[in-house]
Structures are given as C-alpha cells and as structure tokens.
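Survey of secondary and tertiary structure
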Amino acid sequence: KGGAALAEQTLASESGVASVAATHTLAVPTFAMAAESKTYSEGPEVKIWVKGEPLVIAPKRGVNMAVLDEVGAVTSFASFDTHAADSEALVAAVGALPFGTTVIMASLDEIKGNMSYAAAQAIVGCGARLIHSLPYRAAYTLIGVKGGAALAESVAETGVSRAEASRGIDLSVYAGPTTTTTMTTTT
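Throughout what follows, the structure given in this document is the object of discussion.

How each quantity is defined
Residues numbered from 1 in each chain as written. Predicted model: local features only at pLDDT ≥ 70, side-chain atom pairs only at ≥ 80, totals over all residues. Heavy atoms only, no water. Buried < 20%, exposed > 50% of the residue type's maximum accessible area, 1.4 Å probe, protein only. Helix = DSSP H or I, 4+ residues; strand = E, 2+ residues; numbered from the N terminus. Arc of directions from axis to C-beta. Contact = heavy atoms within 4.5 Å.

As for helix 2 (residues 117–124)
Buried residues of helix 2: Ala119, Ala120, Ala122 and Ile123, and no others. What you see down the axis of helix 2 is that its buried residues fit within an arc of 155°, all on one side. For helix 2, the secondary structure elements touched by its buried residues are strand 4 (62–68), helix 1 (87–95), strand 6 (102–108) and strand 7 (139–145).

Here's the deal with the environment of Tyr136
Mapped onto the secondary structure, Tyr136 falls in the loop between helix 2 and strand 7. The class of Tyr136 is exposed, set by a relative accessible area of 55%. Between the C-alpha atoms of Tyr136 and Glu110, which are 26 residues apart in sequence, the distance is 6.7 Å. If near-sequence neighbours (up to four positions away) are discounted, Tyr136 is found in contact with Glu110 and Thr158.

Here's the deal with unusual backbone geometry
Peptide bonds are mostly trans, and most non-glycine residues show a negative phi. Although it is not a glycine, Lys51 sits at a positive phi angle of roughly 55°. Inspection of the secondary structure assignment puts Lys51 in the loop between strand 2 (45–50) and strand 3 (53–54). Given a relative accessible area of 49%, Lys51 falls into the partly exposed group. A positive phi is found at Asp109, a non-glycine position, where the angle reads about 65°. Relative to the elements of secondary structure, Asp109 occurs in the loop between strand 6 and helix 2.

Structure representation (structure tokens):
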C-alpha cells in the first residue's frame, strides 16, 4: 500500500500458473532516537528525543506517536486516546504511513482499556512484539519501522519507574538512573 511494485511479471503458460518473487530490505535509520514513558504510579510522563534533542510535544493519555522521515526530521506528532475511543484514528494514521517510515510511540497513563485488536495490530505492523500483553497502566515505548522490526521496545509495569526505548542515545544523561524495566532491543 502506497509503495511501488518490487517485481511484476505476467507469463502466458499452458498450466495457467503465474509466479513472482521479490526481496526487499527496509533501511534501518542511522540517527539516534529515544523515548521514555513513566508509569501511572510514578506520575505519567512521555519524553521523546531525536538526534539527541528533546522534542517539544504535548502528549496526552493513550498512544503518543512521532513520525520521522528518512533523515530524522519529525513530520508529525499525534496522540490517540486508545483508553477511550481513538483506536480507529490510530489504525488510520498508521495505515496512511508508507512502508519503511520510522515511528516512535510512547504511552501516557493507560492505553489498553479500549484499544481495539486492529489498533494493536497496527502497532505490531511497526515492529511491536509486546503490545498484546501490556498490564494495566503499564508504561510502553516503541521505536519501530512500519513493515519492519522494532528497533527498540520496552514495557514497565505499574510500580516500576519507566519504560525506555533507545537507539543510540544514553538516556541516563537526560533522566538520571533508572529502576528495572523489561526491555527488548533488536538491531
């Protein structure tokens, strides 16, 4: 959707079988980026950094998503209150992104209350693996690529300080020492 064909071929044959094969590797961003989400018990807060600089954002309850272009410029930022009724808006926003687009997502307060399966699957489509198993009011962060893998993903349960996802940024410089978080990072 929204891309170009990698391969296309029509062959006339007596068997009536046509086949096509293609490979494509999504580019992995080379710029530094990070996200932090504090759990509800710690006073919910979201912070996002790109190229070492904090984004000036106004996060709201739910999934907060920054969209980046291929050089790390923020092209949009939006909040989706999936605890209430913004699941379909999240699905539409992710659906409109071209494959290979880098996204940074971070939760504020509760995101799973009324999140639809389609909204969770839209996040999975950006590389998430942990979104379906979030505890109530958990902190969640994802740095992912639409149609690709998670570059970093993290969950912190209520009672744990924060979830951090980072690629190339040492968040201790910005946030001080952290407590234990569950973190999955892929490269």
